[in-house]
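In case you want the letters, here they are:
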Amino acid sequence: MGKSRDQGEDRYKRREDREKAYKDQLPGVDDEPLPPPVETIHADDKPQRNDPCPCGSGKKYKKCCGKQGG
């Protein structure tokens, strides 16, 4: 019976240690605040059909550089 009590106390101690380690990772009152989250901006690699052509011709992409050969 004494052994199970020791195991229970060990489990309790390990749980306290885990909780303390987790709380140590969290920012405290005296720590500087976390920076705001950064929002990723996704740029399109290829222009769509009706967008102006990136070559600067002033035509739509589908009538200029996006024209298929044939």
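In what follows, the structure referred to is the one given above.
Residues numbered from 1 in each chain as written. Predicted model: local features only at pLDDT ≥ 70, side-chain atom pairs only at ≥ 80, totals over all residues. Heavy atoms only, no water.

Q: Which residues make up the overall build of the protein, and what values do they have?
A: Summing up its helical and strand segments, the protein has 1 helix and 0 strands in all. The burial tally for the protein puts 3% of its 70 residues in the buried class. Accessible surface, the protein: about 7,400 Å² in total, of which carbon and sulfur atoms supply 51%. (Helix = DSSP H or I, 4+ residues; strand = E, 2+ residues; numbered from the N terminus. Buried < 20%, exposed > 50% of the residue type's maximum accessible area, 1.4 Å probe, protein only. Areas by Shrake-Rupley, 256 points an atom, 1.4 Å probe, with all protein chains shown as cover.)

Q: Describe in detail the pattern of salt bridges, supporting the description with residues and values.
A: Summed over the entire model, instances satisfying the criterion amount to 3 salt bridges. Ionic pairing is found between K13 and D17, a salt bridge with its closest N-O pair at 3.5 Å. Of this pair, K13 and D17 both sit in helix α1 (residues 2–25), 4 residues apart, roughly one helical turn. For D24, the salt bridge goes to K20, with nearest N and O atoms at 3.3 Å. Within this pair, D24 and its partner K20 are both found in helix α1, separated by 4 residues, close to a single helical turn. Looking at D24, the relative accessible area reads 53%, which means it is exposed. (Salt bridge = Lys/Arg side-chain N within 4 Å of Asp/Glu carboxyl O.)

Q: Go over a positive patch on the surface, please, and point to the residues and values.
A: Taken together, the side chains of R49, K59, K60, K63 and K67 make up a positively charged region of the molecular surface. Along the chain, K60 falls in the segment after α1. (Patch = residues over 30% accessible without salt bridge, like charges linked within 9 Å, V, L, I, M, F, W, Y side chains within 5 Å. Lys, Arg positive; Asp, Glu negative; His and termini not counted. Charge placed at Lys NZ, Arg CZ, Asp CG, Glu CD.)

Q: Hey, could you go over the state of the cysteines for me, with residue numbers and the actual values?
A: Across all of its chains, the model carries 0 disulfides by this definition. You can see C55 has no disulfide; the closest cysteine sulfur is in C53, sitting 3.4 Å from it. As a non-bridged cysteine, C64 has C55 as the owner of its nearest cysteine sulfur, 3.7 Å distant. (Disulfide = S-S within 2.5 Å.)

Purely geometric numbers; function is a separate question.
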